[in-house]
Each structure stands twice: as structure tokens, then as C-alpha cells.
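Here are the chains, one letter per residue:
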Amino acid sequence: MVKAGIASGFDFLWRTSGIDVPFRLIEYGPQNTNFDLLLVGVANTVLVSILGMVFATLLGFVVGVARLSKNWLVSFFATTYVEFVRNIPLLLFVFFWYFGVVRALPPPRSSIDIGGIFFLNNRGLSIPLPVEPGAFAIPLVLFAVGFAAFLALRLWGAKRQAATGQPFPVVAAALVLVVGVPGLAAVVAGMSTAWSVPALTGFNFRGGFALIPEFVALFFALVTYTAGFIAEIVRGGILAVSKGQTEAAASLGLKPGQTLRLIVVPQALRVMVPPMTSQYLNVLKNSSFGAAIAFPEIVSVFMGSALNNTGQAIEIIAIVLGIYLVVGLAVSLFMNWYNARIALVTR
């Protein structure tokens, strides 16, 4: 490298990047360093990956259960969705959502107006933003406390049901502690603070916060694609539970919904969690497809823009590989802990 005149070392991390990023979760500008640019890329990658994992799990669970429905129409549509998704490359999903859906939306001057404060167009979704975000500290604290209280109440309810046979209204408790109280506090906080509402100025909206079309397209591509694979994992996990379990639940007078929630799913999780770990890791790695539509994730902004500016390919690629490795191992560690926690305990 020295003979070829190629710069080496990691000093470039502390040089000014000179690169603007349209979508960021942390304070950043072109005058910041390449290290700050790296943090922006990591934050965007983690954001779209976590949201993709959560919503892909929800959609995949619904589709997986729908595949086992006795209603042939529901089962047919679920099966068609799964077979379609599993045989189409992810890159085509990304292009479909970006060029076929998001970019096909009307321009800013003809935006879809949602309540006079949300505006959807081919440049993204503009939403209002509080001028003083600190006003929502109390609702966030209440949410954390309510979630912890819900977990403790859920554990107590499980012990109570095991001892007496009386079920505890877990869903109602979750709605009150996790949704109701924090939601009411958020409404009060929102009414007591000023908001920056998007307004059309010239050819685009100013004010508020804009979810750029690249983020929206990548998010929906990851969710709809991964959900097809998760649906098959859910279906296989449910079918792995002995039919005698459902028959025993029916003989005890449990409704189908109770049987699924209390009997089938807890046992199916032991089969579902290991392959679900692989799908979550796929979501993390597949977020790099955002580079194809210029979403500023780590591959796009660091392996793309920063590498072109500095020319230090070996160091930059090594850093990106290391970050993917660390985040991937963290996901695997969490899923392995959860898998051990729900494993069947034997003597």
C-alpha cells in the first residue's frame, strides 16, 4: 500500500466529511467528521432493522395463522402471498415499493392531506414535531414504568392461574398500563407544548419531520418480504404441537382463541425461535439493500460516500464488517437467551 501510494490508517475518521445526509436521528452536518457520519449510518441501519423485525413478526404471525384457517378463502390468499414472496428476490421488492408505490404518489403541491397535519407525497411523509421534545419525558417514563408493572402483573397472573385456574385479564391490563396511562399523559403533554407543523413552502414542505421515501420503501420491502418466511416458521411451529393438546383444551371448554394463545403458541415458540433468529439476522443484513435506492444506511453513507471521499477502502470495509458482526452477535445473543428462557425444563 505504501509503494502504491495508498493512504492507510484510521486518521480519516476525524477529518471533516463534507457529506450531507437527508435523514438522520442524531445531530449531524457536512462540517462533522467521518466518525459522525459512521454513527449516522449505524443509527439509520439499526432503526430500519428493528422496525422491520417487529412489524415483519406481526405480519408473519397473522399470515402464518391465516394459512391454517378453516376458511378456504383466507387460507388461499395467505398461501398465495407466502409462495409469491418466497420466490421473488428482495431487490425487486425494494424497487417495487420505491418506484412502483412511493414514487408514484402525487407531488408535494398535490399531497394527500391527512387531517391537515400529515402530508403524504412522492417526497415522503411529513409529520408534525414538538418544538420542546422534553415535554414528553413524563409519558416516556410512565410507559417504562407501566411496561415493567405489566410484566410483573403478567407473572403474578400466570402463578395465580396455575394455582386457582382463574385467568387474569392480561390484555386489559396491558391496554391500561402500557397504552392508556402513557397515552393520556402524551395527549396532555402534546396540548401543553408548541408544535412545528409541516407547511408547503415553494416546491416542498418545511417544518415538522419528514420520513423520506427511501426509508418508507425499504421499511415496507423488508417487512413484506421477511413476513413471508416468518409465516412459514409460524405455521410449522403450530403444526409441531400435538393435536391432542388442542383436543384437551377443547374438552376443558377453552375457546379457539384461548387455545391458540394459552396452549398452542407457548409450545410452538420452542420450535419457532431458532429459525426466527436467522430471519432477524437476514433483516439486519438485508437493510444494506437500501444502498440501491440511496437510503443513508451504513453501506450507502460510509462504504459509498465516505469511501469515495477518502479512498481508504480496506479500513472502511473492515469497520463496516465489524459493525455488522457486533450487531448480529448481539441479536443472536438476545434470541439465544430468550430461547433458553422458554425451553422445556426437564429433570
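Residues numbered from 1 in each chain as written. Predicted model: local features only at pLDDT ≥ 70, side-chain atom pairs only at ≥ 80, totals over all residues. Heavy atoms only, no water.

### Let's talk about the pattern of salt bridges
- Enumeration over the complete set of coordinates arrives at 3 salt bridges.
- In this structure, R103 engages E214 in a salt bridge whose closest nitrogen and oxygen atoms are separated by 3.6 Å. With R103 in the loop between helix 3 (90-102) and strand 1 (112-114) and E214 in helix 6 (residues 213-239), this pair connects stretches of sequence that are 111 residues apart.
- The class for E214 is buried, based on a relative accessible area of 11%.
- One salt-bridge network, held together by shared partners, links R67, E232 and R235. (Salt bridge = Lys/Arg side-chain N within 4 Å of Asp/Glu carboxyl O. Helix = DSSP H or I, 4+ residues; strand = E, 2+ residues; numbered from the N terminus. Buried < 20%, exposed > 50% of the residue type's maximum accessible area, 1.4 Å probe, protein only.)

### Examining the side chain of S17
- Among the secondary structure elements, S17 is positioned in the segment before helix 1 (34-67).
- For S17, a relative accessible area of 5% corresponds to the buried category.
- Among the polar contacts listed, one links the side chain of S17 to the side chain of Y28, at a separation of 2.5 Å.
- Once residues within four sequence positions are removed from consideration, S17 is found in contact with Y28, G29, P30, N32, T33, N34, L37 and N309. (Polar contact = N/O pair within 3.5 Å; in protein donor to acceptor, adjacent residues only side chain to side chain. Contact = heavy atoms within 4.5 Å.)

### Re the sheet that holds strand 3 (residues 124-127)
- Sheet architecture is open: 4 strands sit in the order 1-2-3-8, paired in antiparallel fashion. The sheet is open, and its two borders are formed by strand 1 and strand 8 (209-211), each paired with just one other strand. The mean angle between the axes of side-by-side strands here comes to 20°, regardless of whether they run parallel or antiparallel.
- When strand 3 meets strand 8, the two strands line up antiparallel, connected through 3 bridges. Its bridge partner lying in strand 8, I127 is registered against F209. (Pairing = 2+ DSSP bridges. Axes fitted to C-alpha atoms, helices over the stretch in contact; angles between N-to-C directions.)

Any functional reading would require information beyond the geometric quantities listed.
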